[in-house]
Each structure stands twice: as structure tokens, then as C-alpha cells.
Amino acid sequence: MSKIAIIGGSGLTRLHALEIERHEIVSTPYGESSAAIAEGYFDGVPVIFLPRHGAGHVIPPHKVNYRANIWALKESGATDIIAVNAVGGISKRFGPKVVCVPDQLVDYTYNRENTYFDGEDSPVTHIDFTEPYCESLRQKLIHACDFCKFTVVPEGVYGVTQGPRLETAAEIRRMENDGCDIVGMTAMPEAALARELDMCYANLSLVVNWAAGKTSGPITMKDIEANLEQGMTRVRTIIGAIKP
Ligand code: HPA
């Protein structure tokens, strides 16, 4: 039986309709997860929830303890992880408010603890990462969007930057040349760590702004927050429509 965990990103620190049965602090060999793991039912479906940036949205992308988070979800019995991310849009199809289920990523992050296989007693291990996302879970997400009659872009390349600052216009041009469609700061090393623990992992991204240089003028937090609030209401509906 599969058990779904949701990792909430910016704008999704709580799942309002989650009937929480318990909160559990799971200790891991890598330290503490971003928050206690919430277990409960979402529209009758058992779900585990973890806010990536902490309950009060206080942990920036480069300081998230990704290893502890994924380990704690595995320990709690999760088999499948749906990672929710707010992103910037790079290519034309990915304007603000678009929902996307990416199928590829490019990792530009650095200095993050990005593997479980680096202990002195762990064997050298190279996971296959040709397809970074779990196709069956991606399809469930796409079907849930269709079921809710929400338009979804069913593929796309997520470029993962280090943050916490946003990118320069030249960095975004470079990412576009690399084939990136959207840009965010948290998809890695999360996806690779889930693969190392043999978990099924997919990403649901909400575009909250045009990436740097893709629109005139600066990117304002006010615009991002307005798109986040509206978009995350849709994301909650999509999560409620996922068939485990
Ligand atoms: N860049 C990186 N991360 C982001 C952005 C962006 O433009 N928007 C939301 N998260």
C-alpha cells in the first residue's frame, strides 16, 4: 500500500483540510526535520505533511535539512512524496499562476548535504537519476489536475538555484539556454535523496512570478505573494483529488 507525504513549500505551511491525528518529531541520524511530521486524513485519504521551511516559514532554501526531512518521512511510513514548490517562469508557457508537473531538472545548487552515501562505512553508490521524478506519481498528479479541471503543464525542466537571492537576468538567460523552463530553489537535493531511499517522488510547481529579465522592472514580493495565495488554494484542491 502506498502512503503519500506532502512536502509543503512557500505558501503551503499548512494543509487546512488535514484532520491531524498526531504530530511526531522523528529523530534522524542527520538531525531534526524542518518541523514535526503531521499525520492525518485529507478528504479521507491518509496523508503525512511536512512544511519544508518550518512551521513558521523560517528556514531558507539553502538551510533546509533535506536529509533529515526525507529520512523522517521514510521513517513515518511514507512511500510516495509530492513536493510542492513555488517557482519563477522562464519559458513562454510558464507565466504566473501556471501549474506544472516537471519531468526533468538541472541542479545548480552547491554546498548542500546531498547524499546519504557519504559515511565512512557506506559503500560508494551512484543512483540512476536519468528520470529524476517518479512517472506513476507524476501521472497521478496530472490526472488530479484534470479531474479538478485545472490547466496543467504536464512536463518541464526545473532549474534549481542556490538562493536565497533571486537570479540575475544573465543567469536566467544561461538557464534558458540550458533548457530550463522554471526556476526554484528547493527541488534539489530533495529529489535525489528520495531516490536514494527508494521512494517515489514527484513535484507540483506553481509559477508565482516571471523569472529575472523576463518582464520589465524588478520582481516584487507583493506580486509573488498575491500569486502564491491564489495558487496554493488550487494546489490544495489538487492534493485532495489525488488517488493514492
Ligand atoms: N527564482 C528562484 N526561485 C523562485 C523564484 C524565482 O524567480 N520564484 C519563486 N521561487
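Residues numbered from 1 in each chain as written. Predicted model: local features only at pLDDT ≥ 70, side-chain atom pairs only at ≥ 80, totals over all residues. Heavy atoms only, no water.

(A) Looking closely at the pairing of strand β10 (residues 157-160). Neither face of β10 is exposed, since V157 and G159 on one face and Y158 and V160 on the opposite face are all buried. Inspection of the sheet shows strand β9 (residues 104-107) paired to β10 by 4 bridges, in the parallel sense. Considered in β10, the bridge of D107 is made with V160. Chirality of the crossover, the property in question, places the unit of β9, helix α2 (residues 135-147) and β10 among those that are left-handed. Direction of pairing for β10 relative to strand β11 (residues 182-184): parallel, over a ladder of 3 bridges. Note on β11: the bridge partner recorded for V160 is G184. (Buried < 20%, exposed > 50% of the residue type's maximum accessible area, 1.4 Å probe, protein only. Helix = DSSP H or I, 4+ residues; strand = E, 2+ residues; numbered from the N terminus. Pairing = 2+ DSSP bridges. Right-handed = clockwise from strand over helix to strand, strands pointing away.)

(B) Molecular detail of the state of the cysteines. Scanning all chains against the criterion turns up 1 disulfide. The side chain of C134 participates in a disulfide bridge whose partner is C200; the two sulfur atoms lie 1.9 Å from each other. Classification of the bridge connecting C134 and C200 rests on its S-S torsion, roughly -60°, and on that basis the disulfide is left-handed. In this pair, C134 sits in the loop between β9 and α2 while C200 sits in strand β12 (residues 200-210), placing the two residues 66 residues apart along the sequence. In this pair, the class of C134 matches that of C200, namely buried. The thiol of C145 is unpaired, and the distance to the nearest cysteine sulfur, on C148, comes to 6.9 Å. Here C148 falls in the buried class, since its relative accessible area comes to 17%. (Disulfide = S-S within 2.5 Å.)

(C) Broad picture of the side chain of N227. The residue N227 is located in helix α5 (residues 221-240) in this model. Overall, the relative accessible area of 10% leaves N227 in the buried class. In this structure the side chain of N227 is engaged in a polar contact, spanning 3.1 Å, whose partner is the side chain of K97. If near-sequence neighbours (up to four positions away) are discounted, N227 is found in contact with P96, K97, L206 and V208. (Polar contact = N/O pair within 3.5 Å; in protein donor to acceptor, adjacent residues only side chain to side chain. Contact = heavy atoms within 4.5 Å.)

(D) Structural view of α2. Taking 1.5 Å as the rise per residue, α2 with 13 residues should run 18 Å; its terminal C-alpha atoms sit 18 Å apart, in good agreement. Buried within α2 we find L137, R138, L141, I142, A144 and C145. The arc that holds every buried residue of α2, seen down its axis, measures 155°, which confines them to one face. Exposed and facing more than 90 degrees away from the buried side of α2 are H143 and F147. Looking at the buried positions of α2, the neighbouring elements they touch are β7 (80-89), β8 (99-100), β12 and α5. (Expected span 1.5 Å × (residues − 1). Arc of directions from axis to C-beta.)

(E) Local environment of the site of the ligand. Every residue lining the ligand is accounted for by A86, V87, G88, L166, E167, V183, G184, M185, V208 and N209. Measuring from a nitrogen atom of the ligand, one finds a side-chain N or O atom of N209 at 2.6 Å. In the complex, the protein chains occlude 92% of the 260 Å² of accessible area that the ligand would expose alone. The leading source of residues in the shell around the ligand is β7, at 3 residues. Partitioning the shell around the ligand into residue classes produces 6 nonpolar, 3 polar and 1 charged. (Near = heavy atom within 4 Å. Areas by Shrake-Rupley, 256 points an atom, 1.4 Å probe, with all protein chains shown as cover. Nonpolar A, V, L, I, M, F, W, Y, C, P; charged D, E, K, R; others polar.)

(F) Local environment of the packing of aromatic side chains. Following the criterion strictly, the structure yields 4 aromatic pairs and no others. When the centroid spacing of 5.4 Å and the interplanar angle of 55° are considered together, the rings of W71 and Y116 count as tilted. Taken together, the residues W71 in helix α1 (residues 66-75) and Y116 in the loop between β9 and α2 connect sequence positions 45 residues apart. Of note, R234 hangs over the ring of F150, and the distance from its end group to the ring centre comes to 6.0 Å. (Phe/Tyr/Trp six-rings, centres within 6.5 Å; stacked < 30°, edge-to-face > 60°. Lys NZ or Arg CZ within 6 Å of the ring centre and 35° of its normal.)

(G) Expanded view of the side chain of R236. Locating R236 in the fold gives a position in helix α5. Summary of buried charges: R236 has no salt-bridge partner, and the nearest side chain of opposite charge, E229, is 8.4 Å away. With near-sequence residues (within four places) excluded, R236 lies in contact with G11, L12, R14, L15, H16 and F42. (Lys, Arg positive; Asp, Glu negative; His and termini not counted. Salt bridge = Lys/Arg side-chain N within 4 Å of Asp/Glu carboxyl O.)

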